[in-house]
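# Inside the fold
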Amino acid sequence: VLRCLGIPTRVITNFNSAHDKNLNLSIDKYIDMSGNNLHLSEDSVWNFHVWNESWFIRRDLGSFYDGWQVLDATPQEKSKGIYQCGPASTRAIKEGDVNLDYDSPFVFAAVNADCVTWIRYSKKRKERIYSDTRKIGKFISTKAVGTNSRVDVTANYKYPEVKEISFKISYSQYKNSLVDDRKILVTAV
């Protein structure tokens, strides 16, 4: 419909798409001390999810947010009392501006949520035991104009993931670095 009105529109596919039901920007899994899933969260990760983007000028949000806007014709959650999603600025999603209207936190989580595993010891006590910051939002794609080629638009939604560098150092070097108050990343090798 938007293309018929002359508004540039394209289909977007997000692989490993998070469905953050409680809008806490993470996909939470709870297990007991034996490792059994407790099914306490309605969050999920879908193999993929598809939505549309359309090119709008955003007078309501300011020119910083002009450009591609996410519109989901198949929303799974209510937004302001009705099933709708968008228009959420892809620029807002990339910058983490999740306090804007039009479902920015939901779309941000779909492409950039952390997958967190918790051990639940009691109703009042839980402990985070694992967090995967790279699983969600892979190969965000659209079709190229005039061909059947895939165009990767992941960079429109999120900054590149930081890569950890593994290296070996002796314990004395590590200890000295702490004494010198230098910050280093140490990965067990």
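Now for a description of the structure that goes with this document. Owing to the predicted nature of the structure, the values given are computational and were not obtained by experimental measurement.

Conventions adopted
- Residues numbered from 1 in each chain as written.
- Predicted model: local features only at pLDDT ≥ 70, side-chain atom pairs only at ≥ 80, totals over all residues.
- Heavy atoms only, no water.
- Helix = DSSP H or I, 4+ residues; strand = E, 2+ residues; numbered from the N terminus.
- Buried < 20%, exposed > 50% of the residue type's maximum accessible area, 1.4 Å probe, protein only.
- Contact = heavy atoms within 4.5 Å.
- Areas by Shrake-Rupley, 256 points an atom, 1.4 Å probe, with all protein chains shown as cover.
- Pairing = 2+ DSSP bridges.
- Axes fitted to C-alpha atoms, helices over the stretch in contact; angles between N-to-C directions.
- 1 Å grid on protein atoms, 1.4 Å probe; cavity = no way out; pocket = protein on both sides within 12 Å on 5 of 7 lines; lining within 4 Å.
- Points joined across faces, edges and corners; volume = space filled by probe spheres on them.
- Nonpolar A, V, L, I, M, F, W, Y, C, P; charged D, E, K, R; others polar.
- Patch = residues over 30% accessible without salt bridge, like charges linked within 9 Å, V, L, I, M, F, W, Y side chains within 5 Å.
- Salt bridge = Lys/Arg side-chain N within 4 Å of Asp/Glu carboxyl O.

## A closer look at the overall build of the chain
For the chain, the helix and strand inventory stands at four helices and 11 strands. The buried share of the chain, taken over its 189 residues, is 35%. Contacts in the chain between residues at least 24 apart in sequence constitute 53% of all its contacts with a sequence separation of at least 6. With the model as given, the accessible surface of the chain reaches about 12,400 Å², and the carbon-plus-sulfur share is 53%.

## Observations concerning the sheet that holds strand 8 (residues 114-120)
Across the sheet, which stays open at both edges, the three strands sit in the order 2-8-9 with mixed pairing between neighbours. Among the strands making up the open sheet, the edge pair consists of strand 2 (26-31) and strand 9 (126-132). Adjacent strand axes in the sheet meet at a mean angle of 25° when their direction is disregarded. One ladder, built from six bridges, connects strand 2 with strand 8; its direction is parallel. Bridging from a neighbouring strand, Asp28 pairs with Val116 of strand 8.

## Quick word on the layout of surface pockets
Looking at the largest pocket, its volume works out to about 280 Å³. If you trace the largest pocket, you find 17 residues lining it, with Ile27, Asp28, Lys29, Asp43 and Val116 closest to the centre. If you list the elements that add at least two residues to the lining of the largest pocket, you get strand 2, strand 3 (44-56), strand 8 and strand 9. It is strand 2 that provides the largest number of residues to the lining of the largest pocket, a total of four residues. Its residues assigned to classes, the lining of the largest pocket comprises seven nonpolar, five polar and five charged. For the second largest pocket, the calculated volume is near 220 Å³. Lining the second largest pocket, in full, are Arg3, Thr9, Arg10, Val11, Thr13, Ser141, Thr142, Lys143, Ala144, Val145 and Val151. Those elements giving two or more residues to the lining of the second largest pocket turn out to be strand 1 (9-19) and strand 10 (138-143). Of the residues forming the lining of the second largest pocket, the biggest block, four residues, is contributed by strand 1. By residue class, the composition of the lining of the second largest pocket is four nonpolar, four polar and three charged.

## Some points on the sheet that holds strand 4 (residues 67-71)
What the six strands build is an open sheet, ordered 7-4-3-1-10-11; its pairing is antiparallel. Among the strands making up the open sheet, the edge pair consists of strand 7 (88-89) and strand 11 (150-152). Relative to strand 11, strand 10 runs antiparallel, the two being bridged by three bridges. The partner of Ser141 across the bridge, within strand 11, is Asp152.

## Details of a nonpolar patch on the surface
Taken together, the side chains of Val11, Phe15, Phe48, Val50 and Phe139 make up a nonpolar region of the molecular surface, amounting to roughly 450 Å² of accessible area. Every element with two or more residues in the nonpolar patch is listed here: strand 1 and strand 3. By secondary structure assignment, the location of Val50 is in strand 3. Owing to a relative accessible area of 33%, Val50 belongs among the partly exposed residues under this scheme.

## Here's the deal with the pattern of salt bridges
In this structure the tally under the stated criterion is four salt bridges. One salt bridge connects Glu42 with Lys21, and the closest N-O pair in it is separated by 3.5 Å. Of the two residues, Glu42 is situated in the loop between strand 2 and strand 3 and Lys21 in the loop between strand 1 and strand 2; the sequence distance between them amounts to 21 residues. We note a salt bridge from Asp152 to Arg150, for which the minimum N-O separation is 3.6 Å. Given a relative accessible area of 41%, Asp152 falls into the partly exposed group. For Arg150, a relative accessible area of 48% corresponds to the partly exposed category.

Spatial relationships are all this shows, so hold off on functional conclusions.
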